[in-house]
Amino acid sequence: MINSPIEINMNTYAKILRPAIVASLAAFLTTGCGLLRQTTHEYGDEATETTTDHHYVMLVGSLGSTPEEGEIQSFTLHPVTMAMEHTGTVSAASPSFMVLGKDRRTLFVTNEMVRESTLSSYKLDPSSGELSLLSKTYTIGEGPTYVTTNGSFVVSANYAGGSISLTESDSRGMLAPVDWHIQIGDKGVSHPHSVYFTSDGSQLFATDLGLDKVLHFGIHTDTPPITLDANQITLPKGSGPRHIILSKNDKFAYVVCEFTPQIFVYRNDNGVLTEIQRISTHRTGKSGGHIALSHDGHFLYTSHRDGGQDAIIAFRVDKQSGRLTYLSTTPTGRHPRHFAISPDDSYIAVAQRDDSLVSFYKRDRKSGELTPMKKAIRTDRPVFILWESFDN
């Protein structure tokens, strides 16, 4: 049974903050000038204050009551105590996916609109997570759902348009107009849902949920910069491959399906995928969501979004063979569209869209097991979480 989260509603944040400052000052004056003290965090748990040389920044993309009213909220978190501070909010139409540039100071965001489909870039303040809009460019293809970058190119998967778009970003983070637009299939039939670079940025994989395919592209420094090759695979009809990820060494690829409760595991040989396993997520129905590896590569997690069975499912990874072993299922709130693992692998934050809630789970780094925490952020229909670490 999930513990009821101690929430913080952003509309009442200022009211909470003022008495907290007064209480902290009183504690400072009455406990030996504050050299030893306990702090009660906004989100519930108590912990001894600990000095660290880094901090976390979390960005939460929310849809709002309508896609046009979406926003991105910025937070800073203490890596040990998980004390959290809301540091800013920017308006962003349907910010369904985000990725940091290689400089870790530029943020690229999809604006998943059927009309006015765009990519946006923002300047990120690493000390606070605050964002400043830099540029926007039209994707040409409608409904961009995923964005990735290799440091030179920025690529989007355009779900409604059945296409992939490629553009460039300069040293300031400014996006150029889309130079290359690849139509994969007919609109309404082809639905690219994710794009993922190999670690050296020379190859790109894409999942097409509508065509039940995983496609492979070569990335080049000359013209054309992107080419679709014959190295593509077809999944069983109706699988709906949604998201793909690669192991850090690029040897293995993992694909979560939306319309069947399965994960497909592939050996990757320079862009040629060979299936080595297909494993059940131990759920019925459909609506597989996101997929991610722990940073140490020993565990894989995926979300399942099907009324009454919403959950995060964990698997153990054999790093030699790439194969998965089912580990556990942790129930969540409604519609866990996306989740993020903390940079130190100690926590997972889950965007529960239909609860308008981001919930937190403690993660055991040895066993991979998850435990619900009394921490939450209430925001209107969250759909994406980015979690990064920066030096103080």
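This text goes with the structure placed above it.
A brief look at the structure comes next. Here the structure is a predicted model, which is why all the values come from computation and not from measurement.

### A closer look at the side chain of S239
Moving on, step 1. By the element assignment, S239 lies in the loop between β18 (233-234) and β19 (241-246).
Moving on, step 2. S239 sits in the buried class, given a relative accessible area of 2%.
Moving on, step 3. There is a polar contact of 2.7 Å between the side chain of S239 and the backbone oxygen of P236.
Moving on, step 4. Here S239 is in contact with D212, C257, E258, F259, T260 and F264, once residues within four sequence places are set aside.

### Things to note about the pairing of strand β29 (residues 357-363)
Moving on, step 1. The element β29 is largely enclosed, with a buried count of six among its seven residues.
Moving on, step 2. Bridge analysis of strand β28 (residues 347-352) against β29 gives six bridges, and the strand direction is antiparallel. In the sheet register, A351 faces β29, and the bridge partner there is V358.
Moving on, step 3. Turn length for the β28-β29 hairpin, with the two strands adjacent in sequence and antiparallel, is four residues, and the turn residue S356 shows positive phi of about 50°.
Moving on, step 4. The pairing of β29 with strand β30 (residues 370-378) spans six bridges and is antiparallel. For S359, the partnering residue across the bridge sits in β30 and is A376.
Moving on, step 5. Here β29 folds back onto β30, and the loop between the two strands holds six residues, one of which, G368, carries a positive phi near 80°.

### Regarding the side chain of T330
Moving on, step 1. Its location among the elements puts T330 in strand β26 (residues 324-331).
Moving on, step 2. The contacts of T330, once residues within four sequence positions are left out, are A311, I312, Y361 and L370.

### Overview of unusual backbone geometry
Moving on, step 1. Residue T223 is joined to P224 through a cis peptide bond whose omega torsion reads -5°.
Moving on, step 2. Structurally, P224 can be placed in the loop between β16 (213-219) and β17 (226-228).
Moving on, step 3. Positive phi values are uncommon outside glycine, yet M82 reaches one of about 65°.
Moving on, step 4. On the basis of relative accessible area, M82 is assigned to the buried category, the value being 2%.
Moving on, step 5. A positive phi angle, near 70°, is found at D250, a position not held by glycine.
Moving on, step 6. Within the secondary structure, D250 sits in the loop between β19 and β20 (252-257).
Moving on, step 7. Take D250: its relative accessible area is 14%, and that puts it in the buried class.

### Some points on the nonpolar core
Moving on, step 1. In terms of nonpolar packing, the biggest core is built from 38 residues, with L59, I72, L107 and F217 touching the most fellow members.
Moving on, step 2. Beyond its immediate sequence surroundings of up to four residues, F217 is in contact with I164, I182, I184, S202, Q203, L204, A206, I226, T227 and L228.
Moving on, step 3. Within the second largest apolar cluster, 17 residues are counted, among which are Y56, L77, I377 and I385.

### Quick look at the sheet that holds strand β5 (residues 84-91)
Moving on, step 1. Spatially, four strands are ordered β5-β4-β3-β31 in an open sheet, and the strand pairing comes out antiparallel. One side of each edge strand has no neighbouring strand; the edge strands of this open sheet are β5 and β31 (382-391). Sheet twist, expressed as the average angle between the axes of neighbouring strands with direction ignored, equals 20°.
Moving on, step 2. Two strands pair when backbone bridges link them, and strand β3 (residues 54-62) and β31 are joined in this way by nine bridges, in the antiparallel orientation. Paired with L59 across the bridge in β31 is L386.

### Here we look at the pattern of salt bridges
Moving on, step 1. By the definition in use, this model includes nine salt bridges.
Moving on, step 2. With a shortest N-O distance of 2.8 Å, E258 and R242 are connected by a salt bridge. Note that E258 is positioned in the loop between β20 and β21 (262-269) and R242 in strand β19, a separation of 16 residues in sequence.
Moving on, step 3. The buried category is assigned to R242, whose relative accessible area is 3%.
Moving on, step 4. A cluster of three or more residues bridged by salt bridges with shared partners is formed by R242, E258 and R305.

Cut-off values and rules
- Residues numbered from 1 in each chain as written.
- Predicted model: local features only at pLDDT ≥ 70, side-chain atom pairs only at ≥ 80, totals over all residues.
- Heavy atoms only, no water.
- Helix = DSSP H or I, 4+ residues; strand = E, 2+ residues; numbered from the N terminus.
- Buried < 20%, exposed > 50% of the residue type's maximum accessible area, 1.4 Å probe, protein only.
- Polar contact = N/O pair within 3.5 Å; in protein donor to acceptor, adjacent residues only side chain to side chain.
- Contact = heavy atoms within 4.5 Å.
- Pairing = 2+ DSSP bridges.
- Core = buried A, V, L, I, M, F, W, Y, C linked by side-chain atoms within 4.5 Å.
- Axes fitted to C-alpha atoms, helices over the stretch in contact; angles between N-to-C directions.
- Salt bridge = Lys/Arg side-chain N within 4 Å of Asp/Glu carboxyl O.

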